[in-house]
Amino acid sequence: MSRRLIAVAVAAAGGVAHAQPAQPVPEAARPVPSEPVPPVPSEPVPPVPSEPVPPVPTLRPAEPVAAVADGDDELGDQGISVALGLATGGRVTPGGLRITGHYLYQLSERDWFDGAAAFTFGSGSPACFRDRQDVLVCNHGLADGSGVEVSAGVRRMLAPQAAFHPFVRAGVGLGVVRFGDDDVSGFTLVLGGGGGVRVNVAPSISVVADGELELGFGGFSHGLGLEPQLGLAITAGAEFRLR
Amino acid sequence: MRSAIIAIIAIGAALLAACQHSEVSREVGARCELSAECDDRCLAPSNDYPGGFCTLACGDRSECPSETICADREGGVCLFECTGDPGCAFLGTGWRCQAADLRGGGIKVMVCRGG
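Residues numbered from 1 in each chain as written. Chains lettered and ligands numbered in written order. Predicted model: local features only at pLDDT ≥ 70, side-chain atom pairs only at ≥ 80, totals over all residues.

Peer 1: So what exactly am I meant to see when it comes to the overall build of chain B here?
Peer 2: Each helix and strand counted, chain B has 1 helix and 6 strands in total. Expressed as a percentage of the 115 residues in chain B, the buried residues total 30%. Of all intrachain contacts in chain B linking residues separated by at least 6 positions in sequence, the fraction that spans at least 24 positions is 40%. (Helix = DSSP H or I, 4+ residues; strand = E, 2+ residues; numbered from the N terminus. Buried ≥ 20, exposed ≤ 12 C-beta atoms within 10 Å, placed from the backbone. Contact = placed C-beta atoms within 7 Å.)

Peer 1: It is not clear to me how the overall build of chain A should be interpreted in this structure. Could you clarify?
Peer 2: Along the backbone of chain A there are 2 helices and 10 strands. In chain A, the order of α-helices and β-strands from amino to carboxyl end is α-α-β-β-β-β-β-β-β-β-β-β. Each of the 243 residues in chain A was classed as buried or not, and the buried ones make up 29%. Counting only contacts in chain A whose residues sit at least 6 apart along the sequence, the fraction spanning at least 24 positions is 62%.

Peer 1: Teacher, can you tell me more about the pairing of strand β3 (residues 68-71) of chain B here?
Peer 2: In regular strands, side chains alternate between the two faces of the sheet. Residue and element names in this part refer to chain B. On β3, burial covers both faces: Thr 68 and Cys 70 on one face and Ile 69 and Ala 71 on the other are all buried. Sheet analysis places β3 next to strand β4 (residues 77-80), joined by 4 bridges and oriented antiparallel. Bridge pairing links Ile 69 to Leu 79 in β4. Linking β3 to β4, which pair antiparallel, is a turn of 5 residues; within it Glu 74 sits at a positive phi near 55°. (Pairing = 2+ DSSP bridges.)

Peer 1: Explanation requested: the nonpolar core in the structure shown.
Peer 2: Membership of the largest hydrophobic core comes to 35 residues, with the highest contact counts inside it found for Cys 138 of chain A together with Cys 54, Ile 69, Cys 78, Leu 79, Val 111 and Cys 112 of chain B. For this core, the secondary structure elements donating two or more residues are β4 (128-130) and β7 (164-179) of chain A together with β1 (41-43), β2 (53-55), β3, β4 and β6 (108-114) of chain B. Broken down by element, the residue count for this core peaks at 4 residues, all from β4 of chain B. Ignoring sequence-local partners within four residues, the contact set of Cys 112 of chain B consists of Leu 79, Phe 80, Cys 82, Cys 88, Leu 91, Trp 95 and Cys 97 of chain B. (Core = buried A, V, L, I, M, F, W, Y, C linked by C-beta atoms within 7 Å.)

Peer 1: Hey, could you run me through the interface of chain A and chain B in this one?
Peer 2: Interfaces are often sized by the amount of accessible area the parts lose when they come together. On the side of chain B, 16 residues touch chain A, which itself brings 13 residues to the contact. Taken together, the elements giving at least two residues each to the side of chain A that touches chain B come down to β4 and β10 (225-241) of chain A. Take the side of chain A that touches chain B: its biggest share by element is 3 residues, from β10 of chain A.

Peer 1: Looking at this structure, how should I read the confidence of the model for chain A?
Peer 2: For any part of a model where pLDDT is low, the fine detail of the predicted coordinates should not be relied upon. Residues and elements named next belong to chain A. This prediction gives chain A a mean pLDDT of 80; 69% of its residues lie at or above 70. Across chain A, element-level confidence peaks in strand β6 (residues 146-157) with a mean pLDDT of 98 and bottoms out in helix α1 (residues 2-19) with 40. The low-confidence segment residues 56-72 (pLDDT under 50) makes 3 contacts with residues lying over four places distant or belonging to another chain. (pLDDT = per-residue confidence, 0-100.)

Peer 1: I keep staring at the environment of Glu 37 of chain B and nothing clicks. Help me out?
Peer 2: Within the secondary structure, Glu 37 of chain B sits in the loop between α1 (2-18) and β1. What makes Glu 37 of chain B partly exposed here is the crowd of 18 C-beta atoms within 10 Å. Along the chain, Glu 37 of chain B and Glu 27 of chain B lie 10 residues apart, while their C-alpha atoms are 9.6 Å from each other. Setting aside chain neighbours within four positions, we find Glu 37 of chain B in contact with Phe 129 and Arg 130 of chain A together with Ala 30, Cys 32, Cys 42 and Cys 54 of chain B.

Structure, rendered in structure tokens:
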């Protein structure tokens, strides 16, 4: 009986002690960590029948994404291209063989910065003369003269048509023009607009064909003064992804 | 939008004006002092050819461009045909419509020349 009373008293005292706020324990008085106690094997718990659990999608390591047709066409966000073609000029607009290099930088989903350098190589035959008012007039043919032009513009990609990715382009260019046999040179400022199509032929490589109409003015030597520029260029070439 | 339309019209008008065909050319009619200024020959400035005259050597009428005829002068040269002095006014002062022998034809024709 006395043992039962003592046990009840100890239990009551412990409960009161746990209910009290913890007192700071001096460092020296803290209990020393004891040896880990091996776990006591418990009785096996019989499985409890539960509700059927819906399957949870399992996480798997990422697999390489197979290239799809559209993905193959992507140029990355930068590219360069080289194109060869013909330019038609007339009067004081040079024409002939046209070699163009482009640098492309993606600005948005559909728009690309398009910087280009175009070289035109035409015949050097003379075509300037003094009219009856003693004014110099130049009447060059479609494929006369030579020129270098640097332009900056925007290329907008349009909705693809099967494997063909059409685009339109607009830009402004500065150039130098020379008609050697007439000893006439000039600086030009032109606005260009046109379009073309790009077809992917290999990873990071596309074939491009485009046409562009250029309108503007040029200032020329030998008193020729300000003259209009009107030209058309058609080129085809390859475009390469930079990254 | 309106300014863009005006700009397009202005550019078009300028281009149209620039495309006006000149009545003279390096072949026939341009002013010159040297043959290098012409496709073929330069009849140097003189009373007969005020300001100089680019022309083509010819043996008969068929060798001259339209509106010109092979006159039996300077060994045969193409000169502009005319029917009166006003028809030669585009060549400048000193040019008149005068008779000349037709090269290879044995008849007189009216051509523009000085004097």
